[in-house]
Amino acid sequence: MNILSLLKKRFYPVLAELVSDPDVLLEMIRPSQDPKFGDYQVNCAMPLGKQLGKPPREVAEEIVAQLQITDLCEDPEIAGPGFINLRIKNTWIVEQLMKSGADKRLGIVRVDTPRKFVIDFSSPNVAKPMHVGHIRSTVIGDALTRSLRFLGHEVISDNHLGDWGTQFGMIIYGFKHFAIKSDYERQPVDELSRLYKLVNQLIEYHQAKAGLADREDHILQLEQRLNEFSKAMEEAGRQKDKKAKKDRRSLESQLADAREKAALAKSIVMTVESDQALATLAAKHAEIGSAVLSETAKLHSGDEENRQLWHEFLPHCRADMQRIYDRLGVVFNVEHGESFYHEQLESVVTSLVTRGLARESEGAICMFLEGFKAPFIIRKKDGAFLYATTDLATIQFRMLEWEPDAILYVVDHRQSEHFDKLFFGARQWGHNQVELTHISFGTVLGEDGKPFKTRSGAAVGLESLLDEAVNKALSVVSENDERKPNGPELKIEERQRIAAVVGHAAIKYADLSHNRTSDYVFSYDKMMALEGNTATYMQYSYARVQSIFARGHIDVDALRTAGTPLEIAHAAERALALELLRFSEALQEVATDYRPNHLTNYLFELAKKYSVFFEHCPVLKADGPQQRQSRLRLCDLTARTIQLGLELLGIDVVDRM
RNA sequence: GCGCCCGUAGCUCAGUUGGAUAGAGCAGCGGACUUCUAAUCCGCAGGUCAAAGGUUCGAAUCCUUUCGGGCGUGCCA
């Protein structure tokens, strides 16, 4: 049941009498901002008045006169220039909540016309440690998968792994030169991961070392240019010239950037050179960079030994990654990585060339797409394919295999141009029926407002990020438990179990509660806070309900099946009850915009309404069994809504905190 | 240079796609614990929605320009 769509249904016939296309007008029915304007407001009388050449209030009155809504709403009020304000009847709210309470889905009906979605998300590079950059795609993609599926859509979640790239050249090279066989046999995952890190470190060392002089030069050049520019500015008396100031700022930030990068390069070099064993290794493998590329090329061209090693390594690398997915509770339906499409790339290029959609340019095969300055390159001049090629092959495969209505790519905003081109190209290629959408998201920033990095400038490992969150959660849970009026209630193992749930939840929720299109600042303290729009606050609200049930020895099953009517007397009860019925509106918004933060916003509103209720309406000590039973049911519905809502975001609850 | 995104309270962020007096949380100030979890709740204060112009009954939201920031920009993904 969805109040908004119900209202639309009631307004439809009335508006259809007035205009040919009432859909636009129906969109103007929405929840009221202010309770004094009722629960819902209808704003369509104003534009309609203009269209029909009548005073809007008159139009509003006509609409109201025709409206069949007495079972659902009190008498509509017309206010201001022509707003129609609706107030839902308490009897109706009670009736609906009774139905929701008896339903496992809390009254949320499945969509009439299910669509088939492929959601492409997470997509890390196998064999490289996952880092903070993977969190948003993984968490948002999982939440969308869960939400759309719950609404009745068919969803295929696909982890488009990077399993065919240079990182395999790296571990193959590492395996051939540095492997400790006994370690590999005992703990293949650990050994492969060590090899990756080692080879990566050596490559970075050589790159950094080779670039050091150039970096210094570059800094000197920039310093000189900046000096000259400033001097020229002074001489020309342009100190206040905006353009000149802007150019100088740009030079300054380039310089700062160059210095930062030089410092990072120096520290990479230092780290290796200060370690005797590493330094020796680095000297011995001076050509490691190109050697790794050639191992990768051999793998791609079908070299038997490298193919065999790849087949051997891949499951281990994938297993290593599974630890993270287990912790996050993320499951995929399919995992077709880049390697899966390897065999199809040639024919993709041929197909596009044959159809005249792609042609040779400067040695590469390109698609020149209308409205784009740079071409979409699908084959490099050295003959190698690119991710553009793989992405096209992937679309082709998905269309043939599943015939989806929509393919969603949960990938950060920096790739928006790539996807614009990809979608454009795919449509030219003939895939023009399917919805192709880039679910873009912003960057995770550190507290300094710059992309979240470790102090040394490296990406923050995802595993250590989660560990840290669980640690912080443990101290939050422990501190709270110590402070309880009757002394601590939780054993250490319970605290740890709770901390694991709370810690992971905090990370996920912080991500999901922000509008995905904006960047957000990562802060353990904020995400773990009990105040504000956090998972912890939601989980706390849930736990408070459970605490009431425990204290009152409530048989929850009996409560749900008893069929005792709800009472709505107190304003806080009404506000809570109505909010409970809005769950489906929030889910609808998530599905329309592909934005989970609509759901977190809803849950926060619900939790706040529950807090007010909790404050003003004693439950166990209510006036009489009737009221007590009614309030218990409101508590139960709140807890179940929070639990289900969080579940659709991939977040668990605990009974005690 | 060109393209895309962004600019909302001291800070971190929402803002239901153009609706009525722009909202939360932190931080600040003032209140509420012999009470179902005070990890909470209530109240106060805090705004030229970057700026200017335009579109209309009505703009944080749409258009134009300016300022400020981020990202991308022919052979990485």
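Bear in mind the structure is a predicted one, so any value in this text is a computation, not a measurement.

Engineer: Quick one: what's the story with the sheet that holds strand β10 (residues 406-412), residue by residue and with numbers?
Structural biologist: Reading across the sheet, the 4 strands line up as β6-β5-β10-β11 and stay open at both edges, with parallel pairing between neighbours. The strands lining the two open edges of the sheet, one partner per strand, are β6 (154-158) and β11 (435-441). Looking at each pair of strands side by side, their axes are set apart by 20° on average, direction ignored. Sheet topology note: the strand β5 (residues 116-120)/β10 ladder contains 4 bridges and is parallel. By the bridge assignment, I119 is partnered in β10 with L408. This element, helix α16 (residues 416-428), spans β10 and β11 of the sheet and lies at about 175° to β11.

Engineer: Kindly report on the environment of I377, identifying the contributing residues and their values.
Structural biologist: Mapped onto the elements of the fold, I377 is located in strand β9 (residues 376-379). On the accessibility criterion, I377 (33% relative accessible area) is partly exposed. Setting aside its immediate chain neighbours within four residues, I377 contacts A364, I365, C366, L386 and A388.

Engineer: How would you sum up the protein's contact with RNA strand B? Please name residues and give values.
Structural biologist: Inspection of the region around RNA strand B gives 68 residues, with R30, K36, K50, N480 and R595 positioned closest. Looking at RNA strand B alone, sugar and phosphate atoms form 56% of those within 4 Å of the protein. Measuring from a sugar or linking oxygen of RNA strand B, one finds a side-chain N or O atom of Q41 at 3.0 Å. R544 is positioned such that a nitrogen or oxygen atom in its side chain is 3.3 Å from a sugar or linking oxygen of RNA strand B. Of the residues forming the surface near RNA strand B, the biggest block, 8 residues, is contributed by helix α24 (residues 597-616). Its residues placed into classes, the surface near RNA strand B shows 28 nonpolar, 16 polar and 24 charged.

Engineer: How would you explain the domain arrangement of chain A if you had to name every residue and give the values?
Structural biologist: Looking at the assigned domains, one finds that chain A contains domain 1 (3-88), domain 2 (116-166 + 312-445), domain 3 (173-292) and domain 4 (462-648). Taking only C-alpha atoms, the centre of domain 1 and the centre of domain 2 are 44 Å apart.

Engineer: How would you summarise the nonpolar core if you had to cite specific residues and measurements?
Structural biologist: Counting 165 residues, the largest nonpolar core has F11 and F313 as its most contacted members. If we ignore the near neighbours within four places in the chain, the residues touching F11 are L26, I29, V42, I63, L67, I69 and L86.

Engineer: Give me the pairing of β5: which residues, what numbers.
Structural biologist: In terms of burial, β5 is largely enclosed, as 4 of its 5 residues are buried. Here β5 runs beside β6; their pairing, made up of 5 bridges, is parallel. Bridge pairing in β6 links V118 to I156. For the crossover from β5 across helix α6 (residues 135-150) to β6, the handedness is right-handed.

Engineer: Tell me what's going on with the side chain of R516, and back it up with residues and numbers.
Structural biologist: Note that R516 resides in the loop between α18 (492-513) and β13 (520-521). Buried R516, no salt bridge; nearest opposite-charge side chain is D593, N-O distance 7.2 Å. Polar contacts involving the side chain of R516 include one to the main-chain carbonyl oxygen of D593, which spans 3.0 Å. The residues contacting R516, other than those within four sequence positions of it, are R136, I140, I439, S440, F441, G442, D593, Y594 and R595.

Engineer: Can you break down the pairing of strand β8 (residues 364-367) residue by residue, with the values?
Structural biologist: What you see with β8 is no split at all: A364 and C366 on one side and I365 and M367 on the other are buried throughout. Across 3 bridges, the pairing between strand β7 (residues 359-361) and β8 is antiparallel. Across the sheet, the residue bridging to R359 is C366, located in β8. Between β7 and the antiparallel strand that follows it, β8, lie 2 residues; E362 among them carries a positive phi value of about 50°. Across 3 bridges, β8 lies against β9 in antiparallel orientation. Looking at β9, one finds that M367 is bridged to F376.

Engineer: Any details on the pattern of salt bridges? Residues and values, ideally.
Structural biologist: In total, this model carries 36 salt bridges according to the counting rule given. Residue E62 pairs with K54 through a salt bridge whose shortest N-O separation is 3.0 Å. With a relative accessible area of 31%, K54 lands in the partly exposed category. When the shortest N-O distance is used, the salt bridge between R323 and D320 registers 3.0 Å. Pair noted here: R323 and D320 are both in helix α13 (residues 304-328), with a separation of 3 residues, about one helical turn. Residues joined in a network through salt bridges with shared partners are K176, E295, K298 and E305.

Engineer: Which residues make up the environment of N333, and what are the values?
Structural biologist: With respect to the helices and strands, the residue N333 is situated in the loop between α13 and α14 (345-354). Note: C-alpha distance between N333 and I156 (177 residues apart in sequence) is 5.8 Å. Not counting residues within four places of it along the chain, the set of residues in contact with N333 comprises R149, V155, I156 and S157. At 2.8 Å, the side chain of N333 forms a polar contact with the side chain of R149. Among the polar contacts made by the side chain of N333, one reaches the main-chain amide nitrogen of S157 at a distance of 2.8 Å.

Engineer: So what about the packing of helix α9 (residues 188-235) against α13? Which residues, and what values?
Structural biologist: How two helices sit against one another is set out by the angle between their axes and by the gap between those axes. Close contact between α9 and α13 brings their axes to 9 Å; oriented N to C, the two are set at 95°. The orientation of α9 relative to α13 falls into the category roughly perpendicular. For the pair α9 and α13, contact is made by P188, V189 and L192 and by F313, H316, C317 and D320, respectively. For the contact of α9 with α13, the class distribution of residues is 5 nonpolar, 1 polar and 1 charged.

Engineer: Tell me about the packing of aromatic side chains, and please be specific about residues and values.
Structural biologist: Summed over all chains, the structure comprises 23 aromatic pairs. Note on W164 and W310: the rings are 5.2 Å apart at their centroids and 90° apart in plane angle, and the pair reads as edge-to-face. A residue pair is termed long-range when its members are at least 10 positions apart, and W164 in the loop between β6 and α7 (166-178) and W310 in helix α13 qualify at 146 residues. Judged on exposure class, the residue W164 and its partner W310 are both buried. Put simply, the rings of F340, Y341, F397 and W402 pair up and form one aromatic cluster. Across the ring face of F150, the terminal group of R105 is positioned such that the distance to the ring centre comes to 4.1 Å. Here the basic side chain of K181 rests over the ring of F175, its NZ or CZ set 4.3 Å away from the ring centre.

Rules and cut-offs
Residues numbered from 1 in each chain as written. Chains lettered and ligands numbered in written order. Predicted model: local features only at pLDDT ≥ 70, side-chain atom pairs only at ≥ 80, totals over all residues. Heavy atoms only, no water. Pairing = 2+ DSSP bridges. Helix = DSSP H or I, 4+ residues; strand = E, 2+ residues; numbered from the N terminus. Axes fitted to C-alpha atoms, helices over the stretch in contact; angles between N-to-C directions. Contact = heavy atoms within 4.5 Å. Buried < 20%, exposed > 50% of the residue type's maximum accessible area, 1.4 Å probe, protein only. Near = heavy atom within 4 Å. Polar contact = N/O pair within 3.5 Å; in protein donor to acceptor, adjacent residues only side chain to side chain. Nonpolar A, V, L, I, M, F, W, Y, C, P; charged D, E, K, R; others polar. Domains from an automatic or database assignment. Core = buried A, V, L, I, M, F, W, Y, C linked by side-chain atoms within 4.5 Å. Right-handed = clockwise from strand over helix to strand, strands pointing away. Lys, Arg positive; Asp, Glu negative; His and termini not counted. Salt bridge = Lys/Arg side-chain N within 4 Å of Asp/Glu carboxyl O. Parallel < 35°, antiparallel > 145°, perpendicular 65-115°, else oblique. Phe/Tyr/Trp six-rings, centres within 6.5 Å; stacked < 30°, edge-to-face > 60°. Lys NZ or Arg CZ within 6 Å of the ring centre and 35° of its normal.

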